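Chain residues, written in single-letter form:
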Amino acid sequence: MASKIDLSGVGMTSQRTRNRLTDRLRSGGISNEALLDVIASTPRHLFVDEALAHRAYEDTALPIGYSQTISQPYIVARMTQAILALGQPKSILEIGTGSGYQSVILAQLMDDVYTVERISGLLEKAVSRFRLLGLNQIRYKYDDGQLGWPEKQPFDAIMVTASPREVPHELIAQLNPGGCMVVPVGTPGNQELTLIQRNEEGFSTEILEKVRFVPLLGGKN
Ligand code: SAH
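Here the structure is a predicted model, which means the values were calculated and not measured. (Residues numbered from 1 in each chain as written. Predicted model: local features only at pLDDT ≥ 70, side-chain atom pairs only at ≥ 80, totals over all residues. Heavy atoms only, no water.)

Enquirer: Mind showing me how you'd approach the nonpolar core here?
Expert: Core analysis: the biggest nonpolar cluster contains 50 residues, and L25, I39, I83, I92, I105 and V182 have the highest contact counts within it. The leading source of residues in this core is helix α3 (residues 73-84), at 8 residues. If we skip the residues at most four places from it in the chain, I39 touches L21, T22, L25, A77, Y101 and I105. Membership of the second largest hydrophobic core comes to 18 residues, among which are L93, Y114, A162 and V183. (Core = buried A, V, L, I, M, F, W, Y, C linked by side-chain atoms within 4.5 Å. Buried < 20%, exposed > 50% of the residue type's maximum accessible area, 1.4 Å probe, protein only. Helix = DSSP H or I, 4+ residues; strand = E, 2+ residues; numbered from the N terminus. Contact = heavy atoms within 4.5 Å.)

Enquirer: Looking at this structure, how should I read the site of the ligand?
Expert: Around the ligand lies a shell of 27 residues, among which S99, E117, D144, G145 and L217 are the nearest. One of the side-chain N or O atoms of E117 is found 2.6 Å from an oxygen atom in the ligand. Backbone polar atom of G145 to a nitrogen atom of the ligand: 2.7 Å apart, as the coordinates give it. When the ligand is considered free in solution it has 580 Å² of accessible area, and contact with the protein chains removes 99% of it. Among the secondary structure elements, those contributing two or more residues to the shell around the ligand are β2 (68-70), β3 (91-95), α4 (101-107) and β4 (112-117). Tallying contributions element by element places β2 first for the shell around the ligand, with 3 residues. (Near = heavy atom within 4 Å. Polar contact = N/O pair within 3.5 Å; in protein donor to acceptor, adjacent residues only side chain to side chain. Areas by Shrake-Rupley, 256 points an atom, 1.4 Å probe, with all protein chains shown as cover.)

Enquirer: I tried to follow helix α1 (residues 15-27) on my own but got confused; where do I start?
Expert: The α-helix winds at 3.6 residues per turn, so residues separated by three or four positions along the chain end up facing the same way. Compared with an ideal rise of 1.5 Å per residue, which puts 13 residues at 18 Å, α1 spans 19 Å between its outermost C-alpha atoms and is within 8% of the ideal. For α1, the full list of buried residues reads T17, R18, L21, T22 and L25. Along the long axis of α1, the arc covered by the buried residues comes to 145°, so they all point the same way. Facing away from the buried side of α1 by over 90 degrees, the exposed positions are R16, R24 and S27. One or two residues past the end of α1 sits G29, with phi positive at roughly 105°. (Expected span 1.5 Å × (residues − 1). Arc of directions from axis to C-beta.)

Here you go:
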């Protein structure tokens, strides 16, 4: 018989440890209480290998295999907060499912979450986590996310969790008017988290902060 899966966590993965993480995020400028509640109640240790579970509530990126990482909690929170600050989106497209952690945070805050990943081994694991947590409404696709998701557009928001060298115009075209995108733009070692808002004339951009993401790559793997 399969052993019971520990969703709540003990010791280094306990609720107390998670609350320490949200305290830290608060002091780093994350103030959206709904978002902090979701981070406090989401078992991040289920999104990394068991050997790393004891580090899951540190405010740090961790390896998830295939040379990829689960983003640092502060960055997950910063990107989500930037989108929510512009209004409550109904739909969001995430590029780069990775571990599935960011998708799970979004699915607890927005109605329609779409996520695209180019590495099938990562997507499969992420989908099993969505099922485990009962978040079956998350829609996912194995594809090159640089193309967005043309059949499901337009979206109220887009979040890109890997770094393109330039602002991805083909994704801006899949935003609703007034919609926004948060994306780490630049070269390795020099990336800026950029908030883009689509408006009638075109779009406006605001630089939020320097960040470090894995590169957005082309094709499927
Ligand atoms: N949001 C993820 C972060 C994963 S790291 C999480 O919460 O864990 C970035 C992810 O983007 C990697 O899994 C990588 O494979 C993926 N990626 C990179 N280029 C991509 C592309 N063109 N299309 C889809 N996914 C891409």
